[in-house]
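# Chains, contacts and geometry: an overview
Residues per chain, in single letters:
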Amino acid sequence: MVMDYISRTIFGFLIKHRVISIGTKYYPTNDMEREYVQMVNYTRTMLLEIESAHITTENIFNNVLNEVGTGNIPDNRKFIELKPAENDVNEYAMLSNIIMGSDRYLYIEIFKRNKPLIEEFVRHIQRARGTIVERSATEIVSKMLSKNDAIRIGIELIAKGMDREVDVRVAVGMTGAAAIERSINLNKQIGETSGVGFTKLGGEFAIVFSSKFGNLEGSPAVYDNYVFIDAIDSTKFIDENGRDKLVEIMNEISSFIENECKGKIEGYRVGGDDLIANMPTKDAALRAGMDSAWHALNNGVRLRVGIGKSRREAGERAQMADNIKIWNNNPVMVFDLADGIYSYYIPSEFTRTVLDFMLNKQGRIAIIFIFVFVATLVGWNMGQPIFGLIAIVLALVYALTA
């Protein structure tokens, strides 16, 4: 832990941005997760804070209003905080969203047995492209395309229930079990009152309704999620490897985005060194950017990647990558989170070697420090300061060969 903090402090000073994490502590449970975790840790991918997010309850609520759509959340709502949001970005949660995607489970419970109402709820969820996982006379577990969709549909179901004098409890979670547990915890806090519970930035929140609110006037909030990808110093790569190699790599990235991430390529000319794609979700955009950066790096190409709600925003984010470096430019992906800006930074092979040494060979670091300190002290007392320089050279040889 100490060396991790020291490493983040040192590289934060060199990069000139706060380093939130180096690698990840995410615990994988399947082959895909293991592959991601191994890649993040092998490349020592860093999560950086470019512009700090202001994480407050008010900002979170405004963010939910914007993402779900103001017309989809009635005015007689009551927004409550059950557990404060973390006052920092959680790298574990970030990677979890990228790996697991944006789909979320929606748990619905009615407090009066009403089978016709449950049937109506099922049809409503299916019309919204949701999948029914389980159902009973009083409960439904379903899977929605995103958290925002789940919240929006949950509020629509609450309106239908309250019109029939039936309170409806809704909860959103990454798994069905998490959604059910969230509903149980919400019930302890507010009793059998209509409301929807969800998480945001590590906090637990709910939107509660105590009276009928009729039909909602809003429509699903739609946001574009653009990913802009550009090869760094492509001219040098072409001189060393040929244009055909760059074309091959960019074609592979384009194919991956279209086939694996379900993105739509909007700007790519075969033979070019950049492309822009519109992704179905922000998580898909982040996954496309990360996987593309790793794949290109494995083939000798460094990418700068920007994620944004418009083509221009994505392009501007990619340009920000030019200033995120130690000495030379390395792969960087810049994106927004809440009202802040963050990035994933993949350090050079030399930097990774230094990090591996710092994080895994603390004993050798202690030996080197003591050796250099003693040699410098002895040399100073003997009037031979060159002893210190010789000790530093020997220490470097030891560090690189031991």
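Residues numbered from 1 in each chain as written. Predicted model: local features only at pLDDT ≥ 70, side-chain atom pairs only at ≥ 80, totals over all residues. Heavy atoms only, no water.

## Some thoughts on the sheet that holds strand 4 (residues 104–110)
- An order of 3-9-8-7-4-6-5 is seen for the 7 strands of this open sheet, with the pairing classed as mixed. Looking at which strands have only one partner, the edges of the open sheet turn out to be strand 3 (77–83) and strand 5 (131–135). Each strand axis lies, on average, 20° off the axis of its neighbour in the sheet, ignoring direction.
- Across 6 bridges, strand 4 lies against strand 6 (residues 139–144) in antiparallel orientation. Considered in strand 6, the bridge of Y107 is made with V141.
- Most of the contacts of helix 3 (residues 57–68) go to strand 3, to which it runs at about 125°, and overall it touches strand 3, strand 8 (195–200) and strand 9 (203–209). (Pairing = 2+ DSSP bridges. Helix = DSSP H or I, 4+ residues; strand = E, 2+ residues; numbered from the N terminus. Axes fitted to C-alpha atoms, helices over the stretch in contact; angles between N-to-C directions. Contact = heavy atoms within 4.5 Å.)

## Quick look at the confidence of the model for the protein chain
- This prediction gives the protein chain a mean pLDDT of 84; 86% of its residues lie at or above 70.
- The weakest mean pLDDT in the protein chain belongs to helix 13 (residues 362–381) at 60; the strongest belongs to strand 13 (residues 303–308) at 95. (pLDDT = per-residue confidence, 0-100.)

## Quick look at the side chain of N225
- Among the secondary structure elements, N225 is positioned in strand 10 (residues 225–231).
- When near neighbours in sequence (up to four residues on either side) are disregarded, N225 contacts A277, N278, M279, P280, T281, K282, A285 and G308.

## Here we look at helix 8 (residues 234–241)
- Buried within helix 8 we find S234, F237 and I238. Seen from one end, helix 8 has its buried residues packed into an arc of 100°, which puts them on one side. Turned more than 90 degrees from where helix 8 packs its buried face, T235, D239 and E240 sit exposed.
- Looking at the residues trailing helix 8, positive phi occurs at G242, about 95°. (Buried < 20%, exposed > 50% of the residue type's maximum accessible area, 1.4 Å probe, protein only. Arc of directions from axis to C-beta.)

## Some thoughts on the packing of aromatic side chains
- Going through the model one piece at a time under the given rule, you end up with 6 aromatic pairs.
- A ring pair is formed by F61 and F79, whose centres lie 4.2 Å apart and whose planes are at 25°; its orientation type is stacked. In this pair, F61 is assigned in helix 3 and F79 in strand 3, connecting sequence segments 18 residues apart. F79 carries the same exposure label as F61, and that label is buried.
- A network of ring pairs unites the aromatic residues F61, F79, F198 and F205 as a single cluster. (Phe/Tyr/Trp six-rings, centres within 6.5 Å; stacked < 30°, edge-to-face > 60°.)

## Looking at the packing of helix 5 (residues 115–127) against helix 6 (residues 147–163)
- It is the contact of helix 5 with helix 6, at a shortest axis distance of 11 Å, that shows an interaxial angle of 150°. Put simply, helix 5 runs roughly antiparallel to helix 6. Two packed elements cross with a definite hand, and for helix 5 against helix 6 that hand is right-handed. On the side of helix 5, the interface is formed by L117, E120, F121, H124 and I125, while helix 6 contributes I153, E156, L157, K160 and G161.
- Counted by class, the contact of helix 5 with helix 6 contains 5 nonpolar, 2 polar and 3 charged residues. (Parallel < 35°, antiparallel > 145°, perpendicular 65-115°, else oblique. Left-handed = near helix turned anticlockwise from the far one by under 90°. Nonpolar A, V, L, I, M, F, W, Y, C, P; charged D, E, K, R; others polar.)

## Examining the nonpolar core
- Counting residues in each nonpolar core, the largest one holds 84 residues, and the members touching the most others are I108, I253, I257, M279 and F335.
- For F335, the residues in contact, after removing those within four places along its chain, are L47, M94, L286, I307, R317, G340, I341, Y342, S343 and Y344.
- The next biggest cluster of nonpolar side chains, apart from the first, holds 15 residues, and it includes I15, I50, A321 and I326. (Core = buried A, V, L, I, M, F, W, Y, C linked by side-chain atoms within 4.5 Å.)

## Thoughts on the environment of I15
- Along the chain, I15 falls in helix 1 (residues 2–15).
- The class of I15 is buried, set by a relative accessible area of 1%.
- Residues I15 and W327, spaced 312 residues apart in sequence, show a C-alpha to C-alpha distance of 8.6 Å.
- Ignoring sequence-local partners within four residues, the contact set of I15 consists of M46, L48, I324, K325, I326 and Y345.

## So, helix 3
- Helix length check: helix 3, at 12 residues, gives a terminal C-alpha distance of 16 Å against a target of 16 Å (1.5 Å per residue), a fit within 8%.
- Buried residues along helix 3 sit against strand 3, helix 6, strand 8 and strand 9.
- G69 lies just past helix 3 and shows a positive phi near 110°. (Expected span 1.5 Å × (residues − 1).)

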